[in-house]
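# Structural overview
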There are 2 protein chains.
Amino acid sequence: MSDAADAPDLLSERCVACRRDAPRVTDEEAAALTPLIPDWEWQEHDGVPRLVRTFRVSNFREALALTQRVGELAEEEGHHPALLTEWGKVTVSWWTHKIRGLHRNDYIMAAKTDALARDVGLIGTPAAGTST
Amino acid sequence: MSDAADAPDLLSERCVACRRDAPRVTDEEAAALTPLIPDWEWQEHDGVPRLVRTFRVSNFREALALTQRVGELAEEEGHHPALLTEWGKVTVSWWTHKIRGLHRNDYIMAAKTDALARDVGLIGTPAAGTST
């Protein structure tokens, strides 16, 4: 059985409501989850880590449409990113404001953002073994 | 006759197509235009100045709707901002990529963004004398 078969399937998970004392992901969890979203960059802003990915599109209108779709996904899940819309690109950042850190929700939403981008043809399917 | 009566009316202007050798606003022009958009902050990113304003709204859905409206305005004028959509706020940044600086277009678009925000009730009307 491959490692991939044992990996959590983030797409099947839903965000859970997040309180101020909700747990941040542990180093062990982060090590297991990070390979599932290999194209997301870990960035720190004012001491708070974020998962960040920039999606390239053809013009401003397409960027605006992608922002709208990621925003609707966020509303459905009740967990909200920062979306930077510019000509030809959208930069999506996930983190959990209340805990000033990364919650499992953020990895779930990064994976769901990737799935949405695949659905609209912005990115290809992941290489075999990198996701279930 | 008041100074305001002599001030340019940015709302009546349209963006002009901008080439790489288009003129940046001069210090004299900037001094005349800045009072017309008093709530915009001058920020520098990687050596390039921007006009930046954050609009507060009630939640994420309203932020997404404002982003959409400012984006549509940008498409109509053919001049495009960076729009940062977050829960409860949208940060709008105008500058002219091609000239790595501020063009009169950016002041026009800042004024038109203010007008749009007034139309949807996000901000009040300017104090008498600050705009025509």
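Our subject is the structure that appears above.
## Some remarks on the side chain of threonine 91 of chain B
Residues and elements named next belong to chain B. Tracing the chain through its elements places threonine 91 in strand E4 (residues 89–94). For threonine 91, a relative accessible area of 14% translates into the label buried. A distance of 2.9 Å separates the side chain of threonine 91 from the side chain of threonine 54, its partner in a polar contact. For threonine 91, the contacting residues outside a window of four places in its chain are Val52, Arg53, Thr54, Ala82, Leu83 and Leu84.

## Quick look at the pairing of strand E3 (residues 82–86) of chain B
Of all five residues in E3 of chain B, four are buried; the element is thus mostly enclosed. By the bridge criterion, three bridges tie strand E3 (residues 82–86) of chain A to E3 of chain B in an arrangement that is antiparallel. Across the sheet, residue threonine 85 of chain A finds its bridge partner in E3 of chain B, namely leucine 83 of chain B.

## Notes on the packing of aromatic side chains
Residues and elements named next belong to chain A. Applying the stated criterion across every chain, the model contains two aromatic pairs over all chains. An angle of 70° between the planes, with centres 6.1 Å apart, marks the rings of tryptophan 40 and phenylalanine 55 as edge-to-face. In this pair, tryptophan 40 sits in the loop between helix H2 (27–33) and strand E1 (41–45) while phenylalanine 55 sits in strand E2 (residues 48–56), placing the two residues 15 residues apart along the sequence. Exposure class is identical for tryptophan 40 and phenylalanine 55. Each is buried.

## With respect to helix H3 (residues 60–77) of chain B
Along its 18 residues, H3 of chain B runs 26 Å from first to last C-alpha, staying within 8% of the 26 Å computed at 1.5 Å per residue. For H3 of chain B, the complete set of buried residues consists of Phe60, Ala63, Leu64, Leu66, Thr67, Val70, Gly71, Leu73, Ala74 and Glu77 of chain B. Where H3 of chain B is buried, its residues meet helix H3 (60–77) and E3 of chain A together with strand E2 (48–56), E3, E4 and helix H4 (104–119) of chain B. One side-chain oxygen of the residue at the start of H3 of chain B lies 3.2 Å from the amide nitrogen of arginine 61 of chain B, identifying that residue as asparagine 59 of chain B. Where H3 of chain B ends, the next residue or the one after it, glycine 78 of chain B, has phi of about 70°, a positive value.

## Here we look at the sheet that holds E4 of chain B
Spatial ordering of the open sheet is given by E1(A)-E2(A)-E4(A)-E3(A)-E3(B)-E4(B)-E2(B)-E1(B), a layout of eight strands whose pairing is antiparallel. In the strand order of this sheet, the two ends are held by E1 of chain A together with strand E1 (41–45) of chain B, each with one partner. Going across the sheet, the axis of each strand differs from the next one's by a mean of 25°, ignoring polarity. Of the strand pairs in this sheet, E2 of chain B and E4 of chain B are connected by six bridges, and their pairing is antiparallel.

## What about the packing of H3 of chain B against H4 of chain B?
Residues and elements named next belong to chain B. Orientation of H3 relative to H4, taken along the N-to-C sense of each, is 140°, at an axis distance of 11 Å. In terms of axis orientation, H3 runs oblique to H4. As H3 runs across H4, the sense of the crossing is right-handed. Note on element contacts: H4 touches H3 through Met109, Lys112, Thr113 and Leu116, opposite Leu66, Arg69, Val70, Leu73, Ala74 and Glu77. For the contact of H3 with H4, the residue count by class is six nonpolar, one polar and three charged.

## Looking at the interface of chain B and chain A
Taken together, the contact pairs 18 residues of chain B with 18 residues of chain A. Roughly 1,500 Å² of surface becomes buried between chain B and chain A when both sides are summed, with 63% attributable to carbon and sulfur atoms. In terms of surface lost to chain A, no three residues of chain B exceed Phe60, Leu64 and Glu75 of chain B, which account for 33% of the buried area on that side. At the junction of chain B and chain A, the tally comes to two salt bridges. Across the contact surface, chain B and chain A share four residue pairs in polar contact (both at pLDDT 80 or more). The set of elements that each furnish at least two residues to the side of chain B that touches chain A consists of H3 and E3 of chain B. Looking at the side of chain B that touches chain A element by element, the count peaks at nine residues for H3 of chain B. Residue composition of the side of chain B that touches chain A, grouped by class: nine nonpolar, five polar and four charged.

## Structural notes on the relation of the copies chain B and chain A
Copy one and copy two of the chain differ by a rotation about a common axis and a shift along it. Between chain B and chain A, the superposition needs a rotation of 180° and an axial shift of 0.0 Å, giving an RMSD of 0.0 Å. In short, the pair behaves as if placed about a two-fold rotation axis. Identified as the residue of chain B closest to the rotation axis by C-alpha distance is leucine 84 of chain B, at 2.2 Å. A share of 100% of the interface residues of chain B reappears at the interface of chain A, consistent with the copies meeting face to face through the same patch.

The rules we used
- Residues numbered from 1 in each chain as written.
- Chains lettered and ligands numbered in written order.
- Predicted model: local features only at pLDDT ≥ 70, side-chain atom pairs only at ≥ 80, totals over all residues.
- Heavy atoms only, no water.
- Helix = DSSP H or I, 4+ residues; strand = E, 2+ residues; numbered from the N terminus.
- Buried < 20%, exposed > 50% of the residue type's maximum accessible area, 1.4 Å probe, protein only.
- Polar contact = N/O pair within 3.5 Å; in protein donor to acceptor, adjacent residues only side chain to side chain.
- Contact = heavy atoms within 4.5 Å.
- Pairing = 2+ DSSP bridges.
- Phe/Tyr/Trp six-rings, centres within 6.5 Å; stacked < 30°, edge-to-face > 60°.
- Expected span 1.5 Å × (residues − 1).
- Axes fitted to C-alpha atoms, helices over the stretch in contact; angles between N-to-C directions.
- Parallel < 35°, antiparallel > 145°, perpendicular 65-115°, else oblique.
- Left-handed = near helix turned anticlockwise from the far one by under 90°.
- Nonpolar A, V, L, I, M, F, W, Y, C, P; charged D, E, K, R; others polar.
- Buried area = accessible area lost by both parts, 1.4 Å probe.
- Salt bridge = Lys/Arg side-chain N within 4 Å of Asp/Glu carboxyl O.
- Least-squares fit on C-alpha atoms with pLDDT ≥ 70 in both.

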